[in-house]
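Residue-level listing of the chains:
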Amino acid sequence: MAVSQTIHKKQPYYLIAYRILLALLWTQYTVLNFIREIISRIPFIGSLSEIFIPACIVLALIVALPWFVKNIRGSDILFYVSIVVLYLVTMIAFPNNKEFMLENWWRVLIVTALPYFVGLAYSHKKCFDDLFWCSLASVFFVFLHQIYKLRRGIVLDDDNMYVAYNLLPSIMYLVYYAIDKERKIFWIIAGMAIGVIFIFGTRGPILCIIVFLVAFLLHRTIIYRKKSNYFLLFILFVTLIVFCVYDDLLIKFISLVANVFGKFGFSTRIFDFFISGDATTSLGREFLKQEIIRAIIENPIKGYGITGDQYLLGVYCHNIFLELWCHFGIIIGSLIILALVALAVTALVKCRNNRKIFFFVVMLISMVYVKLMLSSSYTLEPYFFFMLGVFVDITRKY
């Protein structure tokens, strides 16, 4: 009886609801996509598939409200209200953006911005293992879906950036989990998960993972000064030099890997870029960059408002720094960038003695900021606001 009461005290209903909510949000574009697809095929209730998952999220959110109340301050609510007000003011001050803002208001203000509160209420101690199982399930189901496509004769001969970036948080977390546990089995799982991302032939997610791994390796080398780390860095450096000097070896190796992927029907696009020498090209992003810089120079003070880059280019400019300068002008945009950098650095400094939290922060920075420098928009990236919430919470508790 005493044990039961202890467990109950540690896991109140609203905390369990929060953990369920976090799991739903973490897997909404992976596992839940398959559940939604299954429900859509069931007679009589198939038409409800589009509202089933949102209904579960709203229900978990309502039940978890006491947990949010314990972790949210008035300043946090004021921050969210200011985002809403800024959004409305922008529609009035920049009428050219109104079409884009009305089209995306639900996604920006609800789907993207509300995870800020989820980040504020995040408890790494209580959710650490939850996210591992969610991530493992996400990778498994996405890979299973690709195998299903292959069995139906659908050859994956092009990249799928949407799926790759949706899977990225799960793969990053599996790598992070392996770093924390330092056990071979988890490194094997992480390695297999990284292999899955190559299926989609998209470079951005791979770069996010590489940045995280390099940051981890450098940290271990500098902090712990282990000879094995120095030796590993030396081997990597020599290998890189050999491949740079004898580039034919690199091309042959990549061609070999590409042939293996091609035989299974997976995309070889990422390997084709290396073989053709176009691995560093930006697929039109250089043109977008030049155009948005020109626009910023023409109107450096006022900027063009939220979604201004969409009005100017027809698409997002795929660079968070240029996006902020475009939206808010050079002065205010630079202040926002400095605030974001200061928040990230403060979070890292505050938790530097807590290895588990420290690498979680490094993971979020690698996952979110590297992605937003290459793709998407901060206005449509829920993990951006989730990350901000986590960082703010760390600065308060450490």
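The rules behind each value
Residues numbered from 1 in each chain as written. Predicted model: local features only at pLDDT ≥ 70, side-chain atom pairs only at ≥ 80, totals over all residues. Heavy atoms only, no water. Helix = DSSP H or I, 4+ residues; strand = E, 2+ residues; numbered from the N terminus. Buried < 20%, exposed > 50% of the residue type's maximum accessible area, 1.4 Å probe, protein only. Contact = heavy atoms within 4.5 Å. Areas by Shrake-Rupley, 256 points an atom, 1.4 Å probe, with all protein chains shown as cover. Core = buried A, V, L, I, M, F, W, Y, C linked by side-chain atoms within 4.5 Å. Phe/Tyr/Trp six-rings, centres within 6.5 Å; stacked < 30°, edge-to-face > 60°. Lys NZ or Arg CZ within 6 Å of the ring centre and 35° of its normal. Expected span 1.5 Å × (residues − 1). Bend = angle between axes of the 7 residues up to and from the residue. 1 Å grid on protein atoms, 1.4 Å probe; cavity = no way out; pocket = protein on both sides within 12 Å on 5 of 7 lines; lining within 4 Å. Points joined across faces, edges and corners; volume = space filled by probe spheres on them.

Enquirer: I'd like to hear about the overall build of the protein chain, residue by residue, with values.
Expert: When helices and strands are counted, the protein chain shows 20 helices and zero strands. Counting all 398 residues of the protein chain, 45% fall into the buried class. For the protein chain, restricting intrachain contacts to residue pairs at least 6 apart in sequence, the fraction spanning at least 24 positions comes to 73%. If you sum the accessible surface of the protein chain, you get close to 21200 Å²; carbon and sulfur atoms cover 70% of it.

Enquirer: Describe in detail the nonpolar core, supporting the description with residues and values.
Expert: Residues Tyr18, Tyr122, Tyr173 and Phe384 are the most contacted members of the largest nonpolar core, which totals 99 residues. Once residues within four sequence positions are removed from consideration, Phe384 is found in contact with Ile320, Leu340, Val368, Tyr369, Leu372 and Tyr378. Core analysis: the second largest hydrophobic core is formed by seven residues, Ile292, Ile296, Tyr304 and Cys317 among them.

Enquirer: Can you explain the packing of aromatic side chains? Please cite residues and give values.
Expert: Within the structure shown, the criterion is met by 31 aromatic pairs. Between Trp26 and Tyr173, the aromatic rings sit 5.9 Å apart at their centres with planes inclined by 75°, giving edge-to-face as the arrangement. With Trp26 in helix α2 (residues 13-26) and Tyr173 in helix α10 (residues 161-181), this pair connects stretches of sequence that are 147 residues apart. Exposure remark for Trp26: the relative accessible area of 3% places this residue in the buried category. The class for Tyr173 is buried, based on a relative accessible area of 0%. Ring pairs connect the aromatic residues Trp26, Tyr122, Phe128, Phe132, Trp133, Tyr173, Tyr176, Tyr177, Phe186, Phe360, Tyr383 and Phe386, which therefore count as one cluster. Looking at Lys356, its charged tip hangs above the ring of Phe128, at a distance of 3.9 Å from the centre.

Enquirer: An account of helix α7 (residues 98-112) is needed here, citing residue identities and associated values.
Expert: Between its first and last C-alpha, α7 extends only 18 Å over 15 residues, short of the 21 Å set by a 1.5 Å rise per residue. Taken as a whole, α7 carries its principal kink of about 65° at Asn104. Looking at α7, one finds that the buried residues are Phe100, Met101, Asn104, Val108, Leu109 and Thr112. Tucked into the core, α7 has its buried residues touching α6 (74-93), α8 (115-120), α17 (308-313) and α20 (382-397).

Enquirer: Got a sec to walk through the layout of surface pockets? Specific residues and values, please.
Expert: Of the voids in this model, the second largest pocket is the one considered here, and its volume is about 790 Å³. In terms of lining, the second largest pocket is formed by 25 residues, of which the most central are Leu25, Ile57, Trp106, Ile110 and Val111. Among the elements of the structure, α2, α3 (31-40), α4 (49-63), α5 (65-71), α7 and α8 are those that each provide at least two residues to the lining of the second largest pocket. The element best represented in the lining of the second largest pocket is α4, accounting for six residues.

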